[in-house]
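Residue strings, one per chain:
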Amino acid sequence: MSDENLWTPNIEVMLRNWRRKVGERHIAHAIHRKKYYRLGIYMRVVVIIVASVGTVTAATTVNADESLRIFNAVITFLLALVSSFDSLVNYTSRSEQHKKAANGYESLSTNID
């Protein structure tokens, strides 16, 4: 059997379809990587802001009235809630996973070409 018979137009079509699908997946993972990276930054900024407000109110509630102490308790609870949510969803790790997947699809796409 000669080499000419092994490479058929059907194989060309199949490779073009694979290349297209791999390219689509590469783009999708790259988009998700950026999205999760941004969300991770936003979450860290929110944690820093809430922690800063909590620190200021904690310093001022030593001899304060009850309403300020309640406000401090709410801020402390909010900080714990936001920090826990940030740890739970772990946007930074998700971003890295999508980056690795995008790089893998890009490499596969190059190999198909």
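This is a predicted model, so every value here is computed, not measured.

*Asks:* Got a minute to help me understand the side chain of H98 in this structure?
*Replies:* Of note, H98 is situated in helix α4 (residues 91-112). When sequence neighbours within four positions are dropped, the list of residues in contact with H98 reads H29, H32, R33 and Y36.

*Asks:* Would you explain a nonpolar patch on the surface in this entry?
*Replies:* Where nonpolar side chains cluster on the molecular surface, the patch consists of Y37, I41, Y42, V45, I49, V53 and F71 and spans about 630 Å² of accessible area. Of all the elements, helix α2 (residues 9-60) adds the most residues to the nonpolar patch, at six residues.

*Asks:* Which parts of the structure should I look at to understand the packing of α2 against helix α3 (residues 66-89)?
*Replies:* Helix packing for two helices is described by the angle between their axes and how far apart those axes are. Across the interface, α2 lies against α3 with an axial gap of 9 Å and an inter-helix angle of 155°. One finds that α2 runs roughly antiparallel with respect to α3. Read as a crossing pair, α2 and α3 show a hand that is left-handed. Here M43, R44, V46, V47, V50, A51, V53, G54, T57, A58 and T60 of α2 lie close against α3, whose contacting residues are L68, F71, N72, I75, L78, L79, V82, S83, F85 and D86. A breakdown of the residues in the contact of α2 with α3 according to their chemical character gives 14 nonpolar, five polar and two charged.

*Asks:* Looking at this structure, how should I read the confidence of the model for the protein?
*Replies:* Detailed reading of the predicted coordinates is not advisable wherever pLDDT falls low. Confidence in the prediction of the protein, expressed as mean pLDDT, is 87, and 96% of residues score 70 or more. Averaged pLDDT values for the elements of the protein fall to 68 in helix α1 (residues 3-6) and rise to 90 in α4.

*Asks:* Would you take a moment to explain the nonpolar core for this structure?
*Replies:* Considering soluble globular proteins, one finds that nonpolar side chains tend to be buried as a cluster. Counting residues in hydrophobic clusters, the biggest one holds six residues: Y36, M43, V47, V82, V89 and Y91. For this core, the secondary structure elements donating two or more residues are α2 and α3. For Y91, the residues in contact, after removing those within four places along its chain, are Y36, L39, G40, M43 and F85.

*Asks:* Help me understand the packing of α2 against α4, please; the structure alone is not making it clear to me.
*Replies:* It is the contact of α2 with α4, at a shortest axis distance of 7 Å, that shows an interaxial angle of 160°. The orientation of α2 with respect to α4, classified from their angle, is roughly antiparallel. In this structure, α2 meets α4 at a crossing whose hand is left-handed.

*Asks:* Could you clarify how one ought to interpret the environment of A58 in this entry?
*Replies:* Along the chain, the position of A58 falls in helix α2. In this structure A58 comes out as partly exposed when scored by relative accessible area, which is 36%. For the pair A58 and N72, spaced 14 residues apart in sequence, the C-alpha to C-alpha distance is 6.2 Å.

Analysis parameters
- Residues numbered from 1 in each chain as written.
- Predicted model: local features only at pLDDT ≥ 70, side-chain atom pairs only at ≥ 80, totals over all residues.
- Heavy atoms only, no water.
- Helix = DSSP H or I, 4+ residues; strand = E, 2+ residues; numbered from the N terminus.
- Contact = heavy atoms within 4.5 Å.
- Patch = residues over 30% accessible without salt bridge, like charges linked within 9 Å, V, L, I, M, F, W, Y side chains within 5 Å.
- Areas by Shrake-Rupley, 256 points an atom, 1.4 Å probe, with all protein chains shown as cover.
- Salt bridge = Lys/Arg side-chain N within 4 Å of Asp/Glu carboxyl O.
- Axes fitted to C-alpha atoms, helices over the stretch in contact; angles between N-to-C directions.
- Parallel < 35°, antiparallel > 145°, perpendicular 65-115°, else oblique.
- Left-handed = near helix turned anticlockwise from the far one by under 90°.
- Nonpolar A, V, L, I, M, F, W, Y, C, P; charged D, E, K, R; others polar.
- pLDDT = per-residue confidence, 0-100.
- Core = buried A, V, L, I, M, F, W, Y, C linked by side-chain atoms within 4.5 Å.
- Buried < 20%, exposed > 50% of the residue type's maximum accessible area, 1.4 Å probe, protein only.

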